[in-house]
Amino acid sequence: MTDKNALQIHMFPCLSDNYGFLVHDPASRQTASIDTPDADVISRELEARNWQLTHILNTHHHFDHAGGNLQLKEHYACRIYGPAHDAERIPGMDIRLKEGDILTLGAHEIRVMETPGHTSGHIVYYLPQQRILFAGDTLFSVGCGRLFEGTPAQMWDSLGKIMALPEDTTIYCAHEYTLNNIEFARSIDRNNKDLERYYQEARQLRSENRPTLPTTLSLELRVNPFLRPDAPAIAETLGAGDSETLARFAEIRRRKDRF
Ligand SMILES: [Zn+2]
């Protein structure tokens, strides 16, 4: 039985390895685009469904996330929401969001969490009723965002907020990086049976040109090395030098940058 008022989520590829996401509330007919990687593709997907764009929810200022803002705003007169911390770097931003802010799409709540690390102003959007997270470039399946503007401590703290969500949370990440991330993870987390199983699944999906996303928090807690720096197999690979969780996390990030 499907609820005709349930939120509809449409995910589609954009640019080389981004995903676009549209969230539509049938009751109010409001529609949000999570980030704007490609205005033309997003417009086409909206038109194909006869959806009117009312909200843009930006996670961070990078061009492959906010580059389509102005074109879409001009066409749809939608409102642009984004991190208060990055208001100057996000084109056309109307509403400044901070940790704990709640916005609504029709009757559905969307909570804002600040997750600095990839950029200093990065935020993610959590829908508590649906247990859905739009993670931007903070968390990827089996990976996390590169630290362009933040410290390992900031990113570890940001990931901690995500780890505190219910385990059955569905996570939409902004890039299809899963296979490469798994290949790295296998190099430091040997004999992880869940990771091996996921590797087979992900290879199959990608060979059919299908997305590996969304993922779930429960899967990530078992296979994502950035969420489990204290796992014995990982600690063993990293050696005795880094005995603290944060130092291990930072070392995993360093190794991934060079992978
Ligand atoms: Zn980014």
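Residues numbered from 1 in each chain as written. Predicted model: local features only at pLDDT ≥ 70, side-chain atom pairs only at ≥ 80, totals over all residues. Heavy atoms only, no water.

A.B. asks: Please provide a residue-by-residue account of the packing of aromatic side chains, values included.
C.D. replies: Scanning all chains against the criterion turns up eight aromatic pairs. With a centroid separation of 5.6 Å and 75° between ring planes, the pair formed by Phe-21 and Tyr-172 is classed as edge-to-face. A residue pair is termed long-range when its members are at least 10 positions apart, and Phe-21 in strand S2 (residues 18-25) and Tyr-172 in strand S13 (residues 170-173) qualify at 151 residues. Taken together, a centroid distance of 6.0 Å and an interplanar angle of 75° make the contact between Phe-226 and Phe-249 edge-to-face. With a gap of 23 residues between them, Phe-226 in the loop between helix H7 (217-223) and helix H8 (232-238) and Phe-249 in helix H9 (residues 245-258) connect regions that are remote in the sequence. Since its relative accessible area comes to 0%, Phe-226 is described here as buried. Site record: aromatic cluster; members linked through ring pairs are Trp-156, Phe-184, Phe-226, Phe-249 and Phe-259. We note Arg-49 situated over the ring of Trp-51; from NZ or CZ to the ring centre the distance is 5.9 Å. (Phe/Tyr/Trp six-rings, centres within 6.5 Å; stacked < 30°, edge-to-face > 60°. Helix = DSSP H or I, 4+ residues; strand = E, 2+ residues; numbered from the N terminus. Buried < 20%, exposed > 50% of the residue type's maximum accessible area, 1.4 Å probe, protein only. Lys NZ or Arg CZ within 6 Å of the ring centre and 35° of its normal.)

A.B. asks: Any chance you could break down the environment of Leu-97 for me, citing the residues and the numbers?
C.D. replies: In this structure, Leu-97 sits in strand S6 (residues 95-97). Residues Leu-97 and Pro-225, 128 residues apart in the sequence, show an inter-C-alpha distance of 30 Å. Every residue in contact with Leu-97, bar those within four places of it in the chain, is listed here: Tyr-81, Gly-82, Pro-83, Ala-84, Leu-103, Val-112, Ile-123 and Tyr-125. (Contact = heavy atoms within 4.5 Å.)

A.B. asks: Before we move on, could you go through the packing of helix H5 (residues 178-188) against helix H6 (residues 193-207) and cite the residues and values that matter?
C.D. replies: The interhelical angle for the contact between H5 and H6, taken along N-to-C directions, is 155°, at an axis separation of 10 Å. The pairing of H5 with H6 is recorded here as roughly antiparallel in orientation. The handedness of the crossing between H5 and H6 comes out as left-handed. Residue-level contacts link Thr-178, Leu-179, Ile-182, Glu-183, Ala-185 and Arg-186 of H5 to Leu-195, Glu-196, Tyr-198, Tyr-199, Ala-202, Arg-203 and Arg-206 of H6. (Axes fitted to C-alpha atoms, helices over the stretch in contact; angles between N-to-C directions. Parallel < 35°, antiparallel > 145°, perpendicular 65-115°, else oblique. Left-handed = near helix turned anticlockwise from the far one by under 90°.)

A.B. asks: Account for the coordination of the zinc ion, naming residues and giving values.
C.D. replies: Around the zinc ion, the donor atoms from the protein are His-60 (NE2), His-62 (ND1), His-118 (NE2) and Asp-137 (OD), and they sit 2.2 to 2.3 Å away. Each donor residue of the zinc ion lies on the same chain, and together they follow the pattern H-x1-H-x55-H-x18-D. Remark: His-118 occurs in the loop between strand S8 (108-114) and strand S9 (123-127) and His-60 occurs in the loop between strand S4 (55-57) and helix H2 (63-66); sequence separation between them is 58 residues. Judged on exposure class, the residue His-60 and its partner His-118 are both buried. (Donors = N, O, S within 2.8 Å, 3.2 Å for Na, K, Ca; no water.)

A.B. asks: Mind laying out the pattern of salt bridges, listing which residues take part and the relevant values?
C.D. replies: Tallying each qualifying case throughout the model produces 17 salt bridges. Residue Arg-89 is joined to Glu-149 by a salt bridge in which the shortest nitrogen-to-oxygen separation is 2.9 Å. One end of the pair, Arg-89, is in the loop between strand S5 (79-83) and S6; the other, Glu-149, is in the loop between strand S12 (143-144) and helix H4 (152-163), with 60 residues separating them in the sequence. With a relative accessible area of 33%, Glu-149 lands in the partly exposed category. The salt bridge involving Arg-210 is made with Glu-208; its shortest N-O contact spans 2.4 Å. The partly exposed category is assigned to Arg-210, whose relative accessible area is 43%. Overall, the relative accessible area of 36% leaves Glu-208 in the partly exposed class. Salt bridges here are not isolated pairs; linked through shared partners, they connect Asp-86, Arg-89 and Glu-149. (Salt bridge = Lys/Arg side-chain N within 4 Å of Asp/Glu carboxyl O.)

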